[in-house]
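# Summary of structural features
Chain by chain, the residues:
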Amino acid sequence: PRGKMLGGTSSLNGMVYMRGTPADYDGWRQRGCEGWDYASVLPYFRRAEDNERGENEFHGKGGPLRVTDHRFRSEIVDAVIEAATQAGVPRNTDFNGATQEGVGYYQATVGDGKRWSTATAYLKPARNRKNLVVTPNAHATRVLIEDGRAVGVEYHTPQGRKSARCRGEVIVSGGVYGSPQLLLLSGIGPGAHLNEMGVAVARDLPAVGANLHDHFNSY
């Protein structure tokens, strides 16, 4: 499915609220991604949240994204957590707090007992804006580039191929697979690979589409 619906994968995932390890953000900054260190992105995480635990150094209150504790508790899960702590793993009640290491129940993007996707949190309140057009059943195929600048997108619909142009900027938000795929189809990526695939090179960027890792998980 790859999140091909309003809200993207937040409309089909497990609703786990997990920002990732702060060291990853700091690593991106060390590689030259200015503004992506954890101290710089944390205020945005806090501003996005409406955390039922309230506001503190790591969490926010009153934002569009509902974040709540799990109502479900299981004797088996409690036993696994207890066994882990007996084995020396620290108990952690907040995986988005001071440290991510440990074992425990995580919070979820749930509000009023319902999935709180980005479509619910951000899109639904904005649907009546005159400057917003939502086109369902449309698949982006490439970014339109003129004179080295992104000026729009091309996309397929049941009625055929269409395009949308912009006066401001194009924001690519297709997920960990969709975003690099769209860039590659647009000629942005490793030049030798694009030439091999018959795609005209718009910008030779070797890192696009590289170094992807799935996450290990067990229930």
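Attention here is on the structure that accompanies the text.

Thresholds applied
Residues numbered from 1 in each chain as written. Predicted model: local features only at pLDDT ≥ 70, side-chain atom pairs only at ≥ 80, totals over all residues. Heavy atoms only, no water. Phe/Tyr/Trp six-rings, centres within 6.5 Å; stacked < 30°, edge-to-face > 60°. Helix = DSSP H or I, 4+ residues; strand = E, 2+ residues; numbered from the N terminus. Buried < 20%, exposed > 50% of the residue type's maximum accessible area, 1.4 Å probe, protein only. 1 Å grid on protein atoms, 1.4 Å probe; cavity = no way out; pocket = protein on both sides within 12 Å on 5 of 7 lines; lining within 4 Å. Points joined across faces, edges and corners; volume = space filled by probe spheres on them. Nonpolar A, V, L, I, M, F, W, Y, C, P; charged D, E, K, R; others polar. Salt bridge = Lys/Arg side-chain N within 4 Å of Asp/Glu carboxyl O. Contact = heavy atoms within 4.5 Å.

## So, the packing of aromatic side chains
- Taken as a whole and judged by the stated rule, the model has four aromatic pairs.
- Seen in terms of ring centroids, Tyr25 and Tyr38 are 5.7 Å apart; in terms of plane orientation they differ by 55 degrees. Their pairing is tilted. Residue Tyr25 is located in helix H1 (residues 22–30), and its partner Tyr38 is located in helix H2 (residues 38–48); the two are separated by 13 residues in the primary sequence.
- Residue Tyr25 is classed as buried on the basis of its relative accessible area of 8%.
- When its relative accessible area of 10% is taken as the criterion, Tyr38 is described as buried.
- Centre to centre, the rings of Trp28 and Trp36 are 6.1 Å apart; their planes meet at 75 degrees, and the pair counts as edge-to-face.

## Section: empty space enclosed by the protein
- Counting across every chain of the model gives two cavities of 30 Å³ or more.
- Size it by volume and the largest cavity reaches roughly 50 Å³.
- Residue lining of the largest cavity: Tyr17, Arg53, Thr93, Asp94, Phe95, Asn96, Tyr105, Tyr106 and Gln107, and that is the complete set.
- Looking at the lining of the largest cavity residue by residue, the classes come out as four nonpolar, three polar and two charged.
- Lining the second largest cavity, in full, are Gly20, Pro22, Tyr38, Phe95, Asn96, Gly97, Thr99 and Gln100.
- Residues of the lining of the second largest cavity, tallied by class, amount to three nonpolar, five polar and no charged.

## A short note on the layout of surface pockets
- In this model, the second largest pocket occupies a volume close to 290 Å³.
- Elements with a minimum of two residues in the lining of the second largest pocket: strand E5 (139–146) and strand E6 (149–157).
- Looking at the lining of the second largest pocket residue by residue, the class counts come to nine nonpolar, one polar and two charged.

## So, the pattern of salt bridges
- One pass over the full model with this rule turns up 11 salt bridges.
- As a salt-bridge pair, Lys61 and Asp50 come within 3.6 Å of each other at their nearest N and O atoms. Residue Lys61 is found in the loop between strand E1 (49–51) and strand E2 (65–67), and its partner Asp50 is found in strand E1; the two are separated by 11 residues along the sequence.
- Through salt bridges with shared partners, a single ionic network connects Asp50, Lys61, Arg66 and Asp112.

## Here's the deal with the environment of Tyr177
- Inspection of the secondary structure puts Tyr177 in helix H5 (residues 175–185).
- Of the residues examined, Tyr177 reaches a relative accessible area of 44% and is grouped as partly exposed.
- Taking C-alpha positions, Tyr177 is 8.5 Å from Leu212, a pair spaced 35 residues apart along the chain.
- Among all residues touching Tyr177, those that are not within four sequence positions of it are Arg2 and Leu212.

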